[in-house]
Structure formats: structure tokens, C-alpha cells
Amino acid sequence: MKRFFVLFIVLGMFFSIASAQLNEAQLKRQINALALKMKSMQCDFVQTKYIKMLNYNMVSRGKMFYQQGNKLRWEYTSPYTYAFVLNGQKVLISRGKRSDVININQSKMFKEIARIMMNSVVGKCLTDTKDFKSSITDASTEYIATLYPQQKQMRQMFQKIVLRFNKHSSMVSTVELVEKKGDKTVIVLKNVKTNVPIYAKVFSIN
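Residues numbered from 1 in each chain as written. Predicted model: local features only at pLDDT ≥ 70, side-chain atom pairs only at ≥ 80, totals over all residues. Heavy atoms only, no water.

Visitor: Explain the overall build of the chain residue by residue, including any values.
Guide: Each helix and strand counted, the chain has 4 helices and 11 strands in total. Taken across its 206 residues, the chain has 46% of its residues classed as buried. Restricting the contact set of the chain to residue pairs at least 6 apart, pairs at least 24 apart contribute 47%. Total accessible area on the chain stands at roughly 10,800 Å², and carbon and sulfur atoms take up 50% of it. (Helix = DSSP H or I, 4+ residues; strand = E, 2+ residues; numbered from the N terminus. Buried < 20%, exposed > 50% of the residue type's maximum accessible area, 1.4 Å probe, protein only. Contact = heavy atoms within 4.5 Å. Areas by Shrake-Rupley, 256 points an atom, 1.4 Å probe, with all protein chains shown as cover.)

In C-alpha cells form, the structure reads like this:
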């Protein structure tokens, strides 16, 4: 399940940031407004899992696609294949040759995951205190947003989620998920494209 939670947290991080002179409240409102204009988004990502106790790092790569209308595909391509596809009220989980389809209306857990995912995509993750408390600081070359989980299940997994926005590109560059025991996952986003056409088959659920 951790992979699902990493997934929806990351979704909320693909927003543009405005002027460096804005205060925290203004920045949050600006993020919300700009996120609503995002019709679609796609990118590559590199995910590094840092395991403190073992002094070991695990690197994986993949692609992410989002389109308005509750459509999302989060796919690992290396060193293993794994895909999570949300299309409307259905979720497809694909692991190698095995695939499972779940109707989120029949699963309270998946319905909650889908709710938080979509709240993130439309920019509510920084202002909806039900799921997160958040703060934004202005560093020299980037904005840093820190989210503190409020839901019990999330608090059991993560201390905080740190988002780093590049001021020059006005896009998020790195997402850091810090776990309760000190382990962390760092996701670096690359080749981000917004409001470009995406083939319907990317979100296909058979």
C-alpha cells in the first residue's frame, strides 16, 4: 500500500508557483488557481528509496500521466514493471502478467485514496486541513512546501512530505517523503509537460 500513498502524494506537487514576493497565503491561492488550469500533465521520474538501517538505496524509474476527469497513470518501468491506473470510478493495478480491476465505490480504502489524489491534482492539498497542514518558505533558488499528514493512516507512515519548486522553471523539481523511522523516498521529476494531448489508451482499463 505504501506505493499507492506515494503515488497520490506526488500528484499534488505538479503546480506552478508565482512571484517570489508573495506571502504564504497568497502562494497557496496562486497554486490553487494555476492548478485548475492544468488539463493534462505527463513526466518521467526517478525514485530513490533511502533505507537508513541498511545504509542502502533503491532506485526505480517510470512515467506519470494525468488528465482532467479523474484519469491518472503511474507506471514503474525499471527495475520492475508496475502500473496503477485510475479512470473515473475504476482502478487497474498491473504487476507483470497479473492485472486486477477495482471499483472504488465498492472499497472505502480506494475511494479515500482517489479522493485525496484528486484533491491534490486540483490544488486542494495545501489548503484542505483535513488531509494536511502545510507551510511554504522562500529559499534563494526555490520554494519549499512542507506538508504534515493529518489522517491517522498517513501519520503512521510519514512524518512529512517536502516539495521543492524551482523558481526558474516555476515547476516542482523534487518530492521528498520522510517516514516515521527515518527512511525516505526522493522523487525527481524530469521532462514535465503540461496541457499536451495524451492518447486515450494510456488510461485504458480492460
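After that view of the structure, there is still more to cover.
Visitor: Just give me the short version of the environment of K130, but keep the residues and values in it.
Guide: Relative to the helices and strands, K130 is located in the loop between α3 (108-121) and β7 (132-138). For K130, a relative accessible area of 49% puts it in the partly exposed group. Between the C-alpha atoms of K130 and Q150, which are 20 residues apart in sequence, the distance is 6.5 Å.

Visitor: Describe the packing of aromatic side chains, listing the residues and the values that go with them.
Guide: The geometry of an aromatic ring pair comes down to the distance between the two centres and the angle between the two planes. Scanning the model with the defined rule gives 5 aromatic pairs in all. Pairing F45 with Y76 gives two aromatic rings, centres 5.5 Å apart and planes at 90 degrees, and the pair type is edge-to-face. On the criterion of sequence distance, the pair formed by F45 in strand β1 (residues 40-51) and Y76 in strand β3 (residues 71-78) is long-range, its members being 31 residues apart. Here F45 falls in the buried class, since its relative accessible area comes to 2%. Between W74 and Y76, the ring centres sit 6.3 Å apart and the planes meet at 75 degrees, which makes this aromatic pair edge-to-face. Here W74 matches Y76 in class, with each residue buried. Of the aromatic side chains, those joined through ring pairs into one cluster are F45, W74, Y76, Y80 and Y82. Just above the ring of Y50 sits the side chain of K184; from NZ or CZ to the centre is 5.5 Å. (Phe/Tyr/Trp six-rings, centres within 6.5 Å; stacked < 30°, edge-to-face > 60°. Lys NZ or Arg CZ within 6 Å of the ring centre and 35° of its normal.)

Visitor: Please set out the environment of G182 residue by residue, giving values where relevant.
Guide: Tracing the backbone through its elements, the reader meets G182 in the loop between β10 (171-179) and β11 (184-194). The class for G182 is partly exposed, based on a relative accessible area of 33%. Along the chain, G182 and Y50 lie 132 residues apart, while their C-alpha atoms are 9.0 Å from each other. Those residues in contact with G182 that lie beyond four places of it in its chain are K52 and Q159.

Visitor: Tell me about the pairing of strand β2 (residues 56-67), and please be specific about residues and values.
Guide: Looking at chain direction, β1 and β2 are connected through 12 bridges and run antiparallel. Bridge pairing in β2 places I51 opposite Y56. Where β1 folds back on β2, the antiparallel hairpin that results is connected by 4 residues, among which N55 adopts a positive phi of roughly 50 degrees. Two elements, β2 and β3, share 7 bridges in a ladder whose sense is antiparallel. Counterpart to G62 in the pairing with β3 is Y76. (Pairing = 2+ DSSP bridges.)

Visitor: Could you give an account of unusual backbone geometry, naming the residues involved and the relevant values?
Guide: Residue P79 follows S78 across a cis peptide bond; omega there is 5 degrees. Looking at the secondary structure, you find P79 in the loop between β3 and β4 (82-87). Phi angles above zero are rare outside glycine, and N191 is one such case at about 55 degrees. With respect to the helices and strands, the residue N191 is situated in strand β11.

Visitor: Explain the confidence of the model for the chain residue by residue, including any values.
Guide: Summary statistics for the chain give a mean pLDDT of 77 and a share of 71% for residues scoring 70 or more. Ranking the elements of the chain by mean pLDDT puts helix α1 (residues 2-11) last, at 51, and β3 first, at 90. Of the regions scoring below 50 in pLDDT, residues 13-21 engages in 38 contacts with residues more than four places distant in sequence or in other chains. (pLDDT = per-residue confidence, 0-100.)

Visitor: Which residues make up the pattern of salt bridges, and what values do they have?
Guide: Between side chains of opposite charge, a pair can form when the charged atoms approach closely. A full pass over the atoms with the stated rule returns 7 salt bridges. Of the charged contacts in the structure, one is a salt bridge between D100 and R98, with a shortest N-O distance of 3.2 Å. Residue classification places R98 among the exposed residues on the basis of a relative accessible area of 54%. In this structure, the salt-bridge partner of K184 is E176, at a minimum N-O distance of 3.8 Å. Each of R95, R98 and D100 takes part in one network of salt bridges that share partners. (Salt bridge = Lys/Arg side-chain N within 4 Å of Asp/Glu carboxyl O.)

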